[in-house]
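# Working through the structure, step by step
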Amino acid sequence: MAYKRGSGGVIEGKAALTALVSTVRQEIVDTVEALGGDAAVADIAAHLGRPADGIYYHLRRLVDGGVLRESDDNGDGRGRRYGTTAQRGKRVHLRYGRGSRADKATVARVVGGLLRTAERDFGRALRSGTAVGEGTLRDLWASRLKGWVSADDLREINRLLARLSELLQQPRDPARDRLVTLAWMLAPIDDRPLRRDRAAARKPRTGAARPPRAARTG
């Protein structure tokens with residue numbers, strides 16, 4: 001799942017968001033997208049390492065929530081087919097924030113599940129001993145950054161994230177034979193606690209002498 005304007009498959013209704021609180025259902029949607037946006041239940045189950053009978057309930061919840069669409073079994077023995085509601089080659093995406101009708105508490109639960117899955121995937125890759133942690137073909141990376149940005153910086157961050165989404169929406173072919181997962185969270189944070197700390201540091205304590213100013217060094 002991604003957040004990308006104009007890609008179709010918008011998720012913001014209560015039923016859709018509630019369906020995606022489950023990390024199993026999030027993985028089902030991600031798997032359908034990775035399989036090209038349309039896949040038979042047998043293929044979805046195989047990629048998840050689960051029996052097909054064990055995911056029908058979750059598929060039904062996703063269909064009822066409007067996240068996936070269901071097609072009849074075409075007789076190939078692989079079961080019913082399920083596809084996303086996004087345009088072909090695009091991904092379903094959450095809509096939230098200012099002006100959105102989404103329930104914010106439910107969105108927070110969905111994102112929490114997404115981050116828990118990312119943590120699990122990272123741990124598995126780390127323990128596998130086959131992940132690459134450096135170099136131009138690095139496929140294992142985790143970081144948390146905090147900094148000040150301008151409006152132009154924010155536009156560039158969004159452009160780069162959109163480009164990452166595009167790279168991960170390409171179909172599988174002989175050259176693209178490595179399956180990866182990428183998760184990120186961009187959020188504004190309140191800097192006022194930092195300012196209060198600075199104000200408290202500047203204010204001398206009652207009855208205490210002001211410490212001498214440190215000498216400036218070159």
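In what follows, the structure referred to is the one given above.
Computed from a prediction, not measured in an experiment: that's the story for all the values here. (Residues numbered from 1 in each chain as written. Predicted model: local features only at pLDDT ≥ 70, side-chain atom pairs only at ≥ 80, totals over all residues. Heavy atoms only, no water.)

## A word on the overall build of the chain
Across its full length, the chain holds 7 helices and 5 strands. Ordered by position from N to C terminus, the α and β elements of the chain give β-α-α-β-α-α-β-β-β-α-α-α. Residues classed as buried in the chain amount to 27% of the 218 residues present. Residue pairs in contact within the chain that sit at least 24 positions apart in sequence constitute 61% of those at least 6 positions apart. Total accessible area on the chain is roughly 15800 Å²; 51% of this is exposed by carbon and sulfur atoms. (Helix = DSSP H or I, 4+ residues; strand = E, 2+ residues; numbered from the N terminus. Buried < 20%, exposed > 50% of the residue type's maximum accessible area, 1.4 Å probe, protein only. Contact = heavy atoms within 4.5 Å. Areas by Shrake-Rupley, 256 points an atom, 1.4 Å probe, with all protein chains shown as cover.)

## Focus on the nonpolar core
Core analysis: the largest hydrophobic core is formed by 25 residues, its most contacted members being L20, I28, I44, I55, L59, L62 and L68. Leaving out residues up to four positions away in the same chain, L59 has contacts with I28, V41, I44, L68 and Y82. (Core = buried A, V, L, I, M, F, W, Y, C linked by side-chain atoms within 4.5 Å.)

## Observations concerning the packing of aromatic side chains
Tallying each qualifying case throughout the model produces 0 aromatic pairs. Here the guanidinium or amino end of R138 rests over the ring plane of W141, the centre of that ring lying 3.9 Å away. (Phe/Tyr/Trp six-rings, centres within 6.5 Å; stacked < 30°, edge-to-face > 60°. Lys NZ or Arg CZ within 6 Å of the ring centre and 35° of its normal.)

## Quick word on the sheet that holds strand β4 (residues 81-84)
If you walk across this open sheet you meet the 3 strands as β2-β4-β3, and the pairing is antiparallel. Here the strands that pair on one side only, and so sit at the sheet edges, are β2 (38-40) and β3 (68-71). Along the sheet, successive strands turn relative to each other by an average axial angle of 25°, direction set aside. Pairing geometry for β2 and β4, over 3 bridges, is antiparallel. The partner of A40 across the bridge, within β4, is R81. On the sheet, helix α2 (residues 23-34) packs against β2, β3 and β4 and is oriented at approximately 90° with respect to β4. (Pairing = 2+ DSSP bridges. Axes fitted to C-alpha atoms, helices over the stretch in contact; angles between N-to-C directions.)

## As for a nonpolar patch on the surface
On the surface, a cluster of nonpolar side chains totalling about 580 Å² of accessible area is made up of V149, L154, L164, L167, L182, W184 and L186. Its place among the elements puts V149 in the loop between α5 (104-128) and α6 (151-167). (Patch = residues over 30% accessible without salt bridge, like charges linked within 9 Å, V, L, I, M, F, W, Y side chains within 5 Å. Salt bridge = Lys/Arg side-chain N within 4 Å of Asp/Glu carboxyl O.)

## Observations regarding the packing of α2 against helix α3 (residues 41-48)
Relative to each other, α2 and α3 sit at 115°, their axes nearing to 10 Å. By the criterion of interaxial angle, the relationship of α2 to α3 is roughly perpendicular. For α2 against α3, the interelement crossing comes out right-handed. Residues E27, I28, T31 and V32 of α2 lie in contact with α3, whose contacting residues are I44, H47 and L48. The residue inventory of the contact of α2 with α3, partitioned by class, reads 4 nonpolar, 2 polar and 1 charged. (Parallel < 35°, antiparallel > 145°, perpendicular 65-115°, else oblique. Left-handed = near helix turned anticlockwise from the far one by under 90°. Nonpolar A, V, L, I, M, F, W, Y, C, P; charged D, E, K, R; others polar.)

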